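Each chain, letter by letter, is given below.
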Amino acid sequence: MYRVIKVLNNNGVLVYDMKREEEAILLGSGIGFGKHVNERFERDENTKRYTIVDREEKRRTGRQVLSGMDPAFLELAGKVVDLAGQELGTLNPNILIPLADHIAVAVERMQNGILLKNPFHKDIHVLYPEEYQIALAARDMITSATGCLLLDDEVGYIALHIRAGRMDEKLEDSLQMVTLIRLVVSMAEDEMKIKLDPHSFMFERFAAHLRYLLVRIRDQEPVTLDMDEYARTQFPESYRLAGKICARIGEELQKPVPREAVGHLAIHMERLRLPG
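Residues numbered from 1 in each chain as written. Predicted model: local features only at pLDDT ≥ 70, side-chain atom pairs only at ≥ 80, totals over all residues. Heavy atoms only, no water.

Caption draft 1: Quick look at the pattern of salt bridges. Counted by the stated rule, this structure contains 22 salt bridges. Taking the shortest distance from any N to any O, the salt bridge between Arg 259 and Asp 226 comes out at 3.3 Å. Linking Arg 259 in helix H12 (residues 259-272) with Asp 226 in the loop between helix H9 (201-218) and helix H10 (228-234), this pair joins segments that are 33 residues apart in sequence. Classification of Asp 226 by relative accessible area gives partly exposed; the value is 41%. A salt bridge links Glu 252 to Arg 248, with the nearest nitrogen and oxygen atoms 3.1 Å apart. (Salt bridge = Lys/Arg side-chain N within 4 Å of Asp/Glu carboxyl O. Helix = DSSP H or I, 4+ residues; strand = E, 2+ residues; numbered from the N terminus. Buried < 20%, exposed > 50% of the residue type's maximum accessible area, 1.4 Å probe, protein only.)

Shown next, in the form of C-alpha cells:
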C-alpha cells in the first residue's frame, strides 16, 4: 500500500511505501492522474518503483530531493533506465534521481550555451561501448522531448551513470575506474614504448583484466590466482613495471595492494609485448 506525498504530474507520484516504511517514486502512464495528497492506493504491475537510496538523499525528504526538478526529466530518466535494463540485463533502477538531475542540468547548460568538456569521453566510449550505445539512444529521447541536442561529452557522462547502475556502484566509483585504467594504460605505453589500439582485441582483453584487478583491490577482495613467483622469474621486466603500476594504484585508491596482484598484472603486461 502506498500513500501519496506529492503528485509530480500525470505520470509520476512521490509516495510513502507503507510496507517498507520509506519514500519512493512511482512512474507509470496516468498513475498521477486524479491522485490526491494522503490518498492510499495499490500500484499495478506496469508501474515502476524507484527508491531514494543515496546516503545524502536519505538525510532529506523526497520533497527536498525533488525540489526544483521538472518531473518531465524524471520520466525521461525512467525511460532511459528501462531501456538500459532491457538491453543490458540487471541494472540498479535507483540511478533514476541522479540521472534525471544530470539530464536536467545538461539541458539547461546547452540552452544557456554553456559547454562542459568531458576529459574522459573517449575513454568511456572505448571502455563501456554498450553503455555508450544506450546513452546515444538517451540523447535521441532527450532531443525528442526537449528539442535540445546534447553534445558527445554529455553522452559520455550519461553512459557513466548507466555503468554505475549496471555495476551497482556510485557514479564516482565508475569514474574512478575510468581514471585508473587510463593511468595504467598510459604508464604501460610510456614504459614499454608501445601504442595500444583502443579498438583492438588485445586492448579489450587487457582492459577487462585490469578492471577485474582494480575492483578486487578497491574492494579489498583476494586475487585468487597466485602467479607472483612465476611472473617474477619468467617476466622480470613486466614484473618490475607491474610492481611500479601497482604501487601507483595503491596510492590512488589508498588501499594496500596484495602481492598476487603484481604477478597477475605482470602476466597481462607481458602479453602486451607480443606481436598482434
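Having put the structure on the table, let's press on.
Caption draft 2: How the structure looks around the packing of helix H6 (residues 129-146) against helix H7 (residues 152-167). Where H6 meets H7, the axes come as close as 8 Å, and the angle between the chain directions of the two elements is 120°. Classed by the angle they form, the pair H6 and H7 counts as oblique. Both H6 and H7 take part in a crossing whose hand is right-handed. Only Asp 152, Val 155, Gly 156, Ile 158, Ala 159, Ile 162, Arg 163 and Arg 166 of H7 make contact with H6, whose side of the interface consists of Glu 130, Glu 131, Tyr 132, Ile 134, Ala 135, Leu 136, Ala 138, Arg 139 and Ile 142. (Axes fitted to C-alpha atoms, helices over the stretch in contact; angles between N-to-C directions. Parallel < 35°, antiparallel > 145°, perpendicular 65-115°, else oblique. Left-handed = near helix turned anticlockwise from the far one by under 90°. Contact = heavy atoms within 4.5 Å.)

Caption draft 3: Spatial organisation of H12. Here H12 is 14 residues long and its end C-alpha atoms lie 21 Å apart, about the 20 Å a rise of 1.5 Å per residue gives. The element H12 is largely enclosed, with a buried count of eleven among its 14 residues. Every buried residue of H12 is accounted for by Ala 261, Val 262, Gly 263, His 264, Leu 265, Ala 266, Ile 267, His 268, Met 269, Glu 270 and Leu 272. Next to the buried residues of H12 lie helix H8 (171-192), H9, H10 and helix H11 (236-253). (Expected span 1.5 Å × (residues − 1).)

Caption draft 4: Local environment of the environment of Ile 25. For Ile 25, the position within the fold is in strand S3 (residues 22-27). Residue Ile 25 is classed as buried on the basis of its relative accessible area, which comes to 0%. Considered as a pair, Ile 25 and Ala 77 are 52 residues apart in the sequence and their alpha carbons are 12 Å apart.

Caption draft 5: Fine view of the packing of aromatic side chains. Under the defined criterion, the tally for this structure stands at two aromatic pairs. The ring of Phe 41 has Lys 35 sitting right over it, with the charged end atom 4.7 Å from the ring centre. (Phe/Tyr/Trp six-rings, centres within 6.5 Å; stacked < 30°, edge-to-face > 60°. Lys NZ or Arg CZ within 6 Å of the ring centre and 35° of its normal.)

Caption draft 6: Main features of unusual backbone geometry. If you check the backbone angles, Asp 168 has positive phi at about 55° while not being a glycine. Position of Asp 168 relative to the elements: it lies in the loop between H7 and H8. With relative accessibility at 56%, the residue Asp 168 sits in the exposed group. Look at Lys 193: it is not a glycine, yet its phi comes out positive at around 55°. Along the chain, Lys 193 turns up in the loop between H8 and H9. The exposure class of Lys 193 is exposed, given its relative accessible area of 71%.

Caption draft 7: View of helix H3 (residues 71-88). The end-to-end C-alpha distance of H3 is 25 Å, a good match for the 26 Å that 18 residues give at a rise of 1.5 Å each. All of the buried residues in H3 are Pro 71, Phe 73, Leu 74, Leu 76, Ala 77, Gly 78, Val 80, Val 81, Leu 83, Ala 84 and Leu 88. Capping the start of H3, Asp 70 holds a side-chain oxygen 2.9 Å from the backbone nitrogen of Ala 72, two or three residues further along. Positive phi shows up at Gly 89, right after H3, with a value of about 90°. (Polar contact = N/O pair within 3.5 Å; in protein donor to acceptor, adjacent residues only side chain to side chain.)

Caption draft 8: Geometry of the pairing of strand S2 (residues 12-17). Across the six residues that make up S2, a large majority, five, are buried. Sheet topology places strand S1 (residues 2-9) next to S2; six bridges connect them, and they run antiparallel. The partner of Val 4 across the bridge, within S2, is Val 15. Hairpin connection of S1 to S2: two residues between the antiparallel strands. Of the pairings in the sheet, the one linking S2 to S3 comprises six bridges and is antiparallel in character. Each bridged residue has a counterpart across the sheet, and for Leu 14 the counterpart in S3 is Ile 25. The antiparallel pairing of S2 with S3 creates a hairpin that spans four residues between the two strands, and Glu 21 there sits at a positive phi of about 55°. (Pairing = 2+ DSSP bridges.)

As far as function goes, none of this settles anything; it's purely spatial.
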